[in-house]
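Listed below are the residues making up each chain.
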Amino acid sequence: MPPRRIIIDTDPGQDDAVAILLALASPEEIEVLGITAVAGNVPLPLTARNARVVCELAGRRDIPVFAGCERPLERPLVTAEHVHGRTGLDGPVLPEPTMPLQDAHAVDFIVETLRAEAPGAVTLCPLGPLTNIATAFRQAPDIVDRVAGIILMGGAYFEVGNITPAAEFNIYVDPEAADIVFRSGAPLTVMPLDVTHKALVTRPRNEAFRAIGTPVGRAVAEMTDFFERFDKEKYGSEGAPLHDPCVTAYLIRPDLFSGRFVNVEVETVSELTMGMTVADWWGVTDRAPNATFMGALDAPGFFALLTERLARL
Ligand SMILES: [Ca+2]
């Protein structure tokens, strides 16, 4: 099998960083065509910076990085410095990037890449709010049928919300964009909190990253140290969830995940439940399935993969 050709759309974020590192460490399975930054965890100038920090950490200054939308389609931006720190990538001390940001807008890169490549050749991997993807679909509806698939981190059903009682952060920040993507007809694979809350960085897993003994291993251990403080306090769990790496791990080892192909719709009207992903897990409606909504994870297999791959960088 040739590697999957992907665009990573991201708002780094420590867990985005680990997701990107995993992709860059896995050239047999994944070819990263470009990284598109979006406003989310922190404002756009920082996510565009952080994406380049991560590429340079991986020794991949050749990856083109594009800046995209600086605010959601119809709402003011909500950020998450309370989780990710002031820079979005707090924890390790990493140098300011020197690789340039590309001149083109991220949305134009997404549109042009999908038009230039054969239909079904490019997979989109959104790790943040869906503003860039929805803007590309609105601007160029012809590209929707050319997308091989969208594998995204976002939403929740049984785990409900992490930014409001009902909504997961990525979907909550831009529910109108999420609604466009979930209704688009593109094949969707969703990594909701239901599965990412099973990818917990326990103390031994964090120590395994550190024990890699490389700058990448130490940086990942320090990043997970940082956001663990918040998550442990919030959830009382045994470690912080590594949300976004579920997306890139799925490209390498889909057998680590299982879920159901169901209908998922996004709440865009109710202030109380804004951004909730309403998944018809039990098939109680006749609404057509549109997404494979993951629920279970082989966590030991996931962390073994992550540690093995990060050690290559
Ligand atoms: Ca993210």
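Cut-offs used in this document
Residues numbered from 1 in each chain as written. Predicted model: local features only at pLDDT ≥ 70, side-chain atom pairs only at ≥ 80, totals over all residues. Heavy atoms only, no water. Phe/Tyr/Trp six-rings, centres within 6.5 Å; stacked < 30°, edge-to-face > 60°. Helix = DSSP H or I, 4+ residues; strand = E, 2+ residues; numbered from the N terminus. Buried < 20%, exposed > 50% of the residue type's maximum accessible area, 1.4 Å probe, protein only. Pairing = 2+ DSSP bridges. Axes fitted to C-alpha atoms, helices over the stretch in contact; angles between N-to-C directions. Donors = N, O, S within 2.8 Å, 3.2 Å for Na, K, Ca; no water. 1 Å grid on protein atoms, 1.4 Å probe; cavity = no way out; pocket = protein on both sides within 12 Å on 5 of 7 lines; lining within 4 Å. Points joined across faces, edges and corners; volume = space filled by probe spheres on them. Core = buried A, V, L, I, M, F, W, Y, C linked by side-chain atoms within 4.5 Å. Contact = heavy atoms within 4.5 Å.

Draft legend 1. Geometry of the packing of aromatic side chains. As enumerated under the stated definition, the model contains seven aromatic pairs in all. When the ring of Phe209 is compared with that of Phe303, the centres are 6.4 Å apart and the planes differ by 45°; the resulting orientation is tilted. With Phe209 in helix 9 (residues 203–210) and Phe303 in helix 12 (residues 299–310), this pair connects stretches of sequence that are 94 residues apart. Pair check on accessibility: Phe209 and Phe303 agree, each one buried. A centroid spacing of 5.8 Å and a plane angle of 75° characterise the contact between Tyr250 and Phe257, whose relative ring orientation is edge-to-face. A relative accessible area of 18% means that Tyr250 is categorised as buried. Residue classification places Phe257 among the buried residues on the basis of a relative accessible area of 7%. Among the aromatic residues, those joined into a ring-pair cluster are Tyr157, Phe158, Trp281 and Trp282.

Draft legend 2. Up close: the sheet that holds strand 6 (residues 188–191). Pairing is mixed across the open sheet formed by eight strands, whose spatial order is 3-2-1-4-5-6-12-9. At either margin of the open sheet sits one strand with a lone partner, and together these are strand 3 (65–67) and strand 9 (257–262). Taken over all neighbouring pairs, the strand axes of this sheet differ in orientation by 25° on average, direction set aside. As paired strands, strand 2 (residues 30–37) and strand 3 are joined by three bridges and run parallel to one another. Following the sheet pairing, Thr36 is matched in strand 3 by Phe66.

Draft legend 3. How the structure looks around the coordination of the calcium ion. Coordination of the calcium ion by the protein comes from Asp11 (OD), Asp16 (OD), Asp16 (OD), Leu127 (O) and Asp244 (OD), over a distance range of 2.2 to 2.6 Å. Sequence spacing of the donors to the calcium ion: D-x4-D-x110-L-x116-D. Taken together, the residues Leu127 in the loop between strand 4 (122–126) and helix 5 (131–139) and Asp244 in the loop between strand 8 (240–241) and helix 11 (245–252) connect sequence positions 117 residues apart. We classify Leu127 as buried; its relative accessible area is 1%.

Draft legend 4. Local environment of the layout of surface pockets. By volume, the largest pocket is sized at about 200 Å³. Around the largest pocket, the lining is made up of 15 residues, and of these Met1, Arg4, Tyr250, Leu251 and Pro254 lie nearest the centre. For the lining of the largest pocket, the secondary-structure elements that each account for two or more residues are strand 5 (147–153), strand 6 and helix 11.

Draft legend 5. Spatial organisation of the nonpolar core. Membership of the largest hydrophobic core comes to 60 residues, with the highest contact counts inside it found for Val32, Ile35, Phe209, Leu242, Phe257, Phe302 and Leu306. It is helix 1 (residues 14–24) that contributes the most residues to this core, eight residues altogether. Filtering out sequence-adjacent residues up to four positions away, Ile35 remains in contact with Ile8, Thr10, Ile20, Ala51, Cys55, Ile63, Pro64, Val65 and Phe66. One finds Leu33, Ala134, Ala136 and Ile171 within the second-largest nonpolar core, a separate group that totals 39 residues.

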